[in-house]
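Residues per chain are reported as follows:
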Amino acid sequence: NPKVFKQVYNLSGNEFVTFDGMAKACAEAAGAPEPKIIHFDAKKVKPPEDFPKAFPFRGMHFFASIEKAKQDVPGWAPKYS
């Protein structure tokens, strides 16, 4: 499909999942015990000056959406959820 050549897609499912939910799902898929999740206020953490700005020091949430894939490939739907 030429429309998807050199495109980037966020692939997910039809439902949103939180970071906590993702950590729990990964643990379950790996057969590991449920993780102990500790939340922190990213605004109170000062990374070193040369530290790249990246997760987990984001001041916002983000979502992976399948809308672009569904638009570019009509009829596409995730196989797993």
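The structure displayed is predicted, hence computed values, not measured ones. The residue numbers shown here count from 1 along each chain, following its written sequence. Where local features are concerned, this predicted model is filtered to residues with pLDDT of at least 70; where side-chain atom pairs are given and counted, the filter is 80 or more; whole-chain, interface and lining totals use all residues. Where side-chain values are given, they derive from all heavy atoms of the structure, hydrogens and water being excluded.

Bringing the overall build of the chain into the picture now. Helix and strand assignments follow DSSP, with helices taken as H or I runs no shorter than four residues and strands as E runs no shorter than two, numbered in order from the N terminus. The number of helices and strands found in the chain is 2 helices and 0 strands. Relative accessible area decides the class of each residue, using a 1.4 Å probe on protein chains only: under 20% of the type maximum gives buried, over 50% gives exposed, and in between gives partly exposed. The buried share among the 81 residues of the chain stands at 6%. Working rule for contacts: check all heavy atoms of both residues, and any pair within 4.5 Å makes them a contact. In the chain, the proportion of contacts linking residues at least 24 apart, taken out of those at least 6 apart, comes to 57%. Values of accessible area rely on a 1.4 Å probe in the Shrake-Rupley scheme; residue burial ignores everything except the protein chains shown. For the chain, the accessible surface area stands at approximately 7600 Å², while carbon and sulfur atoms represent 59% of it.

A positive phi angle, close to 65°, is found at K6, a residue other than glycine. With respect to the element layout, K6 can be found in the segment before α1 (19-30). Using a relative accessible area of 73% as the deciding quantity, one classes K6 as exposed.

What follows covers the pattern of salt bridges. The rule for a salt bridge is simple: a side-chain nitrogen of Lys or Arg has to be within 4 Å of a carboxyl oxygen of Asp or Glu. Using the criterion set out here, one finds 2 salt bridges in the structure. E34 is paired through a salt bridge with K24; the nearest N and O atoms lie 3.9 Å apart. In this pair, E34 is assigned in the loop between α1 and α2 (67-72) and K24 in helix α1, connecting sequence segments 10 residues apart. Between K70 and E67 there is a salt bridge whose closest N-O contact spans 3.8 Å. Residue K70 and its partner E67 are located together in helix α2, separated by 3 residues, close to a single helical turn. Overall, K70 belongs to the partly exposed group, its relative accessible area being 34%. What makes E67 partly exposed here is its relative accessible area of 48%.

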